[in-house]
Amino acid sequence: MLSDLQRVLAKALTSDAPLDVLRAEAASLSAEERAWIAAFDADGVRLTGFLVRKLRFERICRGDTAAERWFERDPEAFVRAFQAYNAEIPPVAIFPREEAAAFRAWCRKNGLGEPDVPGHV
């Protein structure tokens, strides 16, 4: 039960539209969990989602100077990569180096190379 709710919340709070995700995923939850979600403050959910994404972004940049340089050099490409990573990889890291390592691994897996290599896209 709790793991289902956690999965839905993680998916929603990493989304650009957390309320839409909560509504779409609520059917997979118990009646009690749906009642909890129905009681959530909409603005609070949107703000929490924004903060979750912001903190993940900051952990990547603070945990890897190469990623930070990539962001400074080409913010649009970096943000596109971050958005895709954020949508695909659930938030589990607590510390910046953990998040940055997960992002770097995701970049390699998706053919984006290493952030500190010249020509990195």
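This text gives an overview of the structure that appears in the document. (Residues numbered from 1 in each chain as written. Predicted model: local features only at pLDDT ≥ 70, side-chain atom pairs only at ≥ 80, totals over all residues. Heavy atoms only, no water.)

A short note on the pattern of salt bridges
Part 1 of the reasoning: Within the structure shown, the criterion is met by eleven salt bridges.
Part 2 of the reasoning: Here Asp-16 ties to Arg-53 by a salt bridge, and the two come within 3.5 Å at their closest N and O atoms. Of the two residues, Asp-16 sits in the loop between α1 (2–13) and α2 (18–25) while Arg-53 sits in helix α4 (residues 42–63), which places them 37 residues apart along the sequence.
Part 3 of the reasoning: Taking the shortest distance from any N to any O, the salt bridge between Asp-43 and Arg-46 comes out at 2.5 Å. A residue pair is termed a helical-turn pair when its members lie 3 or 4 positions apart in one helix, as Asp-43 and Arg-46 do in helix α4 at three residues.
Part 4 of the reasoning: Through salt bridges with shared partners, one network takes in Arg-7, Lys-11 and Glu-25. (Salt bridge = Lys/Arg side-chain N within 4 Å of Asp/Glu carboxyl O. Helix = DSSP H or I, 4+ residues; strand = E, 2+ residues; numbered from the N terminus.)

Overview of the state of the cysteines
Part 1 of the reasoning: Enumeration according to the criterion identifies zero disulfides in this entry.
Part 2 of the reasoning: Here Cys-61 stays unpaired: no disulfide links it, and the sulfur of Cys-107, its closest cysteine neighbor, is 11 Å away.
Part 3 of the reasoning: On the basis of relative accessibility, which here comes to 5%, the residue Cys-61 falls in the buried class. (Disulfide = S-S within 2.5 Å. Buried < 20%, exposed > 50% of the residue type's maximum accessible area, 1.4 Å probe, protein only.)

Concerning the environment of Ala-81
Part 1 of the reasoning: Among the structural elements, Ala-81 can be located in helix α6 (residues 75–88).
Part 2 of the reasoning: Along the sequence, Ala-81 and Asn-110 sit 29 residues apart, while their C-alpha atoms lie 9.5 Å from each other.
Part 3 of the reasoning: Leave out the neighbours within four places in its chain, and Ala-81 touches Trp-70, Phe-103, Trp-106 and Leu-112. (Contact = heavy atoms within 4.5 Å.)

Things to note about α4
Part 1 of the reasoning: The end-to-end C-alpha distance of α4, which contains 22 residues, comes to 32 Å, matching closely the 32 Å that a straight helix rising 1.5 Å per residue would cover.
Part 2 of the reasoning: The set of residues buried in α4 consists of Val-45, Gly-49, Arg-53, Arg-56, Phe-57, Arg-59, Ile-60, Cys-61 and Gly-63. (Expected span 1.5 Å × (residues − 1).)

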